[in-house]
Amino acid sequence: MKKRSFSILCSTLLKNFSQEELQNGCRRIVAPDFVKRGTNSFHTQASPCSQPAVLYQKEQRSQVCQLPQLEVPDNPEELFRGMSTDFPCLTKNKMNGPEPEYDKIISGYKIFHYQHPFEMKYNKARLPGIDVAYETWGKLNESKSNAVMIQAGLSASSHAKSHRKNLRPGWWEKFVGPGCAVDTNEFFVICPNNLGSCYGTTGPSSINPLTGKQYATTFPLISVDDMVKANFLLLDELGIDKLHACVGSSLGGMLSLMATAEYPERVGRIISISSCAQSHPSSIAMRYLQRKTIMSDPNWNKGHYYDGTYPKMGMKLAREIATLTYRSGPEWDERFSRQRIDPKSPNTLCPTFTIESYLEYQGESFSTKYDPNSLLYISKAMDLFDMGEGYSSLKEGLSRVKCPVMVIGVQTDILFPIWQQRTLAKLLQESGNNGVTFYELNSLYGHDTFLLDINGVGAAVKGFLETNLKSLGIDLVNRGNFHDKERVLF
């Protein structure tokens, strides 16, 4: 009904009332059928009256009269049934299944102080000096030739294994120790915390000695190259000229590749697990979304939140997104399927399925363990990683990797799909490296397999670290051919 027609109709109806009737307040009127069939918008307006909608009389503003076509039935539930707008989301978390041992590390590590300007790769940036947190296990031999460096992932600390100064389980607890994959009876094991992190090594949350305040987002953009450089400054401090091996997963795999490319005479062999030769757009996109959730949190305050309110919601959502990429669809199906948190509860907008509850738990438990700015910086360094940067091709960039390499991939990995490890191994071979071993694992745990699969990952790592490669045909000086039985052909 047009506005003018509706106005004329109301005026006509009002003229049929006496002044006395108007003064008596609201009155119900039975409207003609054509009025009841008016537009839906009239039927949905709210009213301060016990009657649904009103028209105020000009002469007496305190009096109201109900529009006849807006009568509401005695039982409104016949037309509408909604739900409460309270969202407590008190869910039960189903936690069956193995989980990584990540913890907030504030003690138990040693600190290497580098008190000289530290030049960065990008933007001609410079730090006045850096600290590198690290932990060690085992004993360095007299020739200092048995050192193995474990390169940490994005959110990992230097605490790969428990020890007397920190008895809490490390993030690679079952892989490091006497008789383990990285045998501390044989090797002197070093695990540094990455540059840009928040677990002892210099990062955005560290105090800038020139200002006395946290760097926050004035911290320079970092690269994988910068992290490797800091780690080798630590080796210089420890008097270790050459590593027996570099071992790393995810970001740690990138670090291992870059270590032998930048310092070819200082690395004997490397193991790259669930990593790649250059970051792929799909993984860049996932990390971008994580960064965006943090930077969109109003409490992030352009990174200057250290004296204010912590951006917990952004960090929580970032971790929930990350968790989707760390595990696999087959595991979700086997572990959670479509099971409901409480089959007897009504459906609401709160979590209904146990998989939702699991993501909620992961986001909540991690949200205050790690510095949001560190996640921004280190994840960006992973995005920028490219072994072909500065070279005519990726193959040429990988040709710098001369030492024996073991590449391990997982078929269910979403973040670093198995084809990326196949490509890495193939390009290394095509670039002239004859010491390439490739292992492909079928595990439920997706990207987190490197943290959980002791049998698959652990056995492969132990074999490669302890094998006398020279006896298999690899001359570590002349880089001879790798024995066929230890090689994967493509």
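No experiment lies behind these values; they were computed from the predicted model shown.

**Q** Please set out the pairing of strand E15 (residues 405-410) residue by residue, giving values where relevant.
**A** Within E15, six of the six residues are buried, leaving the element largely enclosed by the surrounding structure. Residue alternation in E15 divides its side chains into two sets, Val405, Val407 and Gly409 and Met406, Ile408 and Val410, and both sets are buried. In the sheet, strand E14 (residues 270-273) pairs with E15 via four bridges, with the strands oriented parallel. Residue pairing across strands places Ser272 opposite Val407, the latter belonging to E15. The sheet contact formed by E15 and strand E16 (residues 436-441) spans six bridges and is parallel. Across the sheet, Val405 pairs through a bridge with Val436, a residue of E16. In terms of handedness, the path from E15 via helix H13 (residues 418-430) over to E16 forms a crossover that is right-handed.

**Q** Any chance you could break down helix H5 (residues 224-238) for me, citing the residues and the numbers?
**A** In this model H5 runs 21 Å from its N-terminal to its C-terminal C-alpha over 15 residues, within 8% of the 21 Å that 1.5 Å per residue would give. Taken together, the buried positions of H5 are occupied by Val224, Asp226, Met227, Val228, Ala230, Asn231, Phe232, Leu233, Leu234 and Leu235. Phi turns positive one or two residues past the end of H5, at Gly239, with a value near 75°.

**Q** I'd like a rundown of the nonpolar core, residues and numbers included.
**A** Formed by 73 residues in total, the largest nonpolar core has its most connected members in Ile222 and Met387. By residue number, the principal contributor to this core is H5, which donates eight residues. Not counting residues within four places of it along the chain, the set of residues in contact with Met387 comprises Leu257, Met258, Ala261, Ala277, Leu394, Gly397, Leu398, Arg400 and Val401. Val148, Ile150, Ile271 and Met406 belong to the second-largest nonpolar core, a separate cluster that totals 31 residues.

Cut-off values and rules
- Residues numbered from 1 in each chain as written.
- Predicted model: local features only at pLDDT ≥ 70, side-chain atom pairs only at ≥ 80, totals over all residues.
- Heavy atoms only, no water.
- Buried < 20%, exposed > 50% of the residue type's maximum accessible area, 1.4 Å probe, protein only.
- Helix = DSSP H or I, 4+ residues; strand = E, 2+ residues; numbered from the N terminus.
- Pairing = 2+ DSSP bridges.
- Right-handed = clockwise from strand over helix to strand, strands pointing away.
- Expected span 1.5 Å × (residues − 1).
- Core = buried A, V, L, I, M, F, W, Y, C linked by side-chain atoms within 4.5 Å.
- Contact = heavy atoms within 4.5 Å.

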